[in-house]
Amino acid sequence: MRRIIVGMTGSTGAIFGVRLLEALQQTDVETHLIISKWAQRTIEHETSFSVEQVRALATVVHSQGDMGATISSAPFLPRAWW
């Protein structure tokens with residue numbers, strides 16, 4: 001299975017992460033999403049999406065700061081990080 005980690009920070013351009021997740025829904029790629037606290041604000045202020053709508057676009061959502069998340073482990077081999 002192909003996997004991609006999408007990490008969204010508080011930087012401007014949150015819409016690019018949203019569009020990437022939308023595009024990947026049409027593929028067989030498993031998406032793993034992490035949204036920082038500041039990215040949540042950026043999403044709400046700069047896009048027409050809610051944070052919950054963005055989370056719903058991903059296959060798996062990880063909590064920020066979760067040191068035990070599957071993506072933190074060596075056996076997890078993503079195809080790309082974005």
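See the structure shown above.
Residues numbered from 1 in each chain as written. Predicted model: local features only at pLDDT ≥ 70, side-chain atom pairs only at ≥ 80, totals over all residues. Heavy atoms only, no water.

### Description of the nonpolar core
Part 1: Counting 17 residues, the largest nonpolar core has Met8, Leu21, Leu33, Ile35, Ile43 and Val54 as its most contacted members.
Part 2: Where this core is concerned, the elements lending two or more residues are strand E1 (3–8), helix H1 (14–24), strand E2 (30–35), helix H2 (37–46) and helix H3 (51–57).
Part 3: For this core, the leading source of residues is H1, giving 4 residues.
Part 4: Residue contacts for Ile43: discarding those within four places in its chain leaves Met8, Ala14, Ile35, Phe49, Ser50, Val51 and Val54. (Core = buried A, V, L, I, M, F, W, Y, C linked by side-chain atoms within 4.5 Å. Buried < 20%, exposed > 50% of the residue type's maximum accessible area, 1.4 Å probe, protein only. Helix = DSSP H or I, 4+ residues; strand = E, 2+ residues; numbered from the N terminus. Contact = heavy atoms within 4.5 Å.)

### What about the pattern of salt bridges?
Side chains carrying opposite charge are able to pair once their charged atoms draw close together.
Part 1: Counted under the stated rule, the structure contains 4 salt bridges.
Part 2: Across the salt bridge formed by Asp28 and Arg2, the nearest N and O atoms sit 3.2 Å from each other. With Asp28 in the loop between H1 and E2 and Arg2 in the segment before E1, this residue pair connects regions lying 26 residues apart in the sequence.
Part 3: Among the residues examined, Asp28 registers a relative accessible area of 55% and is labelled exposed. (Salt bridge = Lys/Arg side-chain N within 4 Å of Asp/Glu carboxyl O.)

### Considerations on H1
Part 1: Listing the buried residues of H1 in full gives Ala14, Gly17, Val18, Leu21 and Leu24. Angular distribution of buried residues about the axis of H1 spans 135 degrees; they occupy a single face of the element.
Part 2: Looking at the buried positions of H1, the neighbouring elements they touch are E1, E2, H2 and H3. (Arc of directions from axis to C-beta.)

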